[in-house]
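# Fold and contact review
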Amino acid sequence: VQLYPPRAWDATVGIMGMGVLGEDAVKHLRVFGYKLRSWSRTPRPIEGVTGFAGPDEFNAFLSGTDILVNLQPLTPETHGILNYETFRKLNRSGLTDGPVVINAARGGHQREADLVRALTDGTLRAASLDVFEVEPLPKHSPLWELPNCFITPHIAAASSERTGVAYFSKVIRDHEAGLPLPNVVDRQRGY
């Protein structure tokens, strides 16, 4: 099935998770002229992005979102957040055939039975999934058979041996020089 995308300036992309990945996505999407929205745990003001934060603003964020991009960390609060109830709250008057979901974060964010339901009953126009509840995605999963479900094998942020060695070598050199470690996990927050 060939899906014809809308013009960028006619679509609103809502990004869940405004950490390093979310901010990088904003930078790249802004170039194409998308209207941008963000939703995160705490407010993250970013120029040119309509920001929403916390559970009280989640529905308002969804209601104006045509293309929902999930880039947030998996925490007890975000587990299963990509579900039928969430999909039904997306903007129904934006894209011609309905909203789209992209999950490039963690499989635990999505309820795959809800995705199947939403993709077959028209609640979602399409989904692009890089992660799954069980990986690799089982051969018997109905997601394989849906023409409006695009599957990639958990490669949204692939690293080569060369780039991985270069990155970790720099981290070690910086640490030995007394610089702070990047990407330190806050055990309280879970990411």
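Residues numbered from 1 in each chain as written. Predicted model: local features only at pLDDT ≥ 70, side-chain atom pairs only at ≥ 80, totals over all residues. Heavy atoms only, no water.

## Quick notes on helix 4 (residues 112-121)
Among all positions in helix 4, only Glu112, Asp114, Leu115, Val116, Ala118 and Leu119 are buried. Against helix 3 (84-88), strand 6 (126-129) and strand 7 (149-151) lie the buried residues of helix 4. The first or second residue beyond helix 4 is Gly122, which carries a positive phi of 90 degrees. (Buried < 20%, exposed > 50% of the residue type's maximum accessible area, 1.4 Å probe, protein only. Helix = DSSP H or I, 4+ residues; strand = E, 2+ residues; numbered from the N terminus. Contact = heavy atoms within 4.5 Å.)

## A closer look at the environment of Leu119
Mapped onto the elements of the fold, Leu119 is located in helix 4. A relative accessible area of 6% means that Leu119 is categorised as buried. Sequence-wise, Leu119 and Val13 are 106 residues apart; in three dimensions their C-alpha atoms are separated by 19 Å. Among residues more than four places away in sequence, those in contact with Leu119 are Leu124, Arg125, Ala126, Ala127, Leu143, Leu146, Asn148 and Cys149.

## Quick look at the nonpolar core
Residues Met16, Phe61, Leu68, Leu124 and Leu143 are the most contacted members of the largest nonpolar core, which totals 25 residues. Every element with two or more residues in this core is listed here: helix 2 (58-63), helix 3, helix 4 and strand 6. A total of four residues in this core trace back to one element, the largest contributor, which is helix 4. Ignoring sequence-local partners within four residues, the contact set of Phe61 consists of Gly14, Ile15, Met16, Arg37, Ser38, Trp39, Phe52 and Leu68. Judged by nonpolar contacts, the second largest core, of 16 residues, contains Ala25, Leu36, Val49 and Leu95. (Core = buried A, V, L, I, M, F, W, Y, C linked by side-chain atoms within 4.5 Å.)

## What about the pattern of salt bridges?
Inspection of the entire model under this criterion finds seven salt bridges. Residues Arg7 and Asp10 are paired through a salt bridge, measuring 2.5 Å at the closest nitrogen-oxygen approach. A relative accessible area of 33% means that Asp10 is categorised as partly exposed. One salt bridge connects Asp174 with Lys170, and the closest N-O pair in it is separated by 2.5 Å. Here Asp174 and its partner Lys170 are both found in helix 5 (residues 161-176), four residues apart, which amounts to about one turn of the helix. (Salt bridge = Lys/Arg side-chain N within 4 Å of Asp/Glu carboxyl O.)

## Describing the side chain of Asn83
Position of Asn83 among the secondary structure elements: in the loop between strand 4 (67-70) and helix 3. The exposure class of Asn83 is buried, given its relative accessible area of 12%. A distance of 2.8 Å separates the side chain of Asn83 from the backbone oxygen of Gly80, its partner in a polar contact. Only 3.0 Å separates the side chain of Asn83 from the backbone nitrogen of Glu85, close enough to count as a polar contact. (Polar contact = N/O pair within 3.5 Å; in protein donor to acceptor, adjacent residues only side chain to side chain.)

## Overview of unusual backbone geometry
Cis geometry is adopted by the peptide bond preceding Pro136, which originates at Glu135 and carries an omega value of -5 degrees. Take Pro136: it is sitting in the loop between strand 6 and strand 7. Located in the positive-phi region is His154, a residue other than glycine, with phi close to 55 degrees. Here His154 is to be found in the loop between strand 7 and helix 5. With relative accessibility at 39%, the residue His154 sits in the partly exposed group.

## Some remarks on the packing of aromatic side chains
Under the criterion given, the structure shown has four aromatic pairs. Relative to Phe61, the ring of Phe58 has its centre 6.4 Å away and its plane inclined at 25 degrees; by these criteria the two rings are stacked. Of this pair, Phe58 and Phe61 both sit in helix 2, three residues apart, which is roughly one turn of that helix. When its relative accessible area of 12% is taken as the criterion, Phe58 is described as buried. Judged by its relative accessible area of 0%, Phe61 falls in the buried class. Taken together, the aromatic side chains of Trp39, Phe52, Phe58 and Phe61 make up a single cluster linked through ring pairs. A cation over a ring is seen here: Arg117 above Tyr84, with NZ or CZ 3.6 Å from the ring centre. (Phe/Tyr/Trp six-rings, centres within 6.5 Å; stacked < 30°, edge-to-face > 60°. Lys NZ or Arg CZ within 6 Å of the ring centre and 35° of its normal.)

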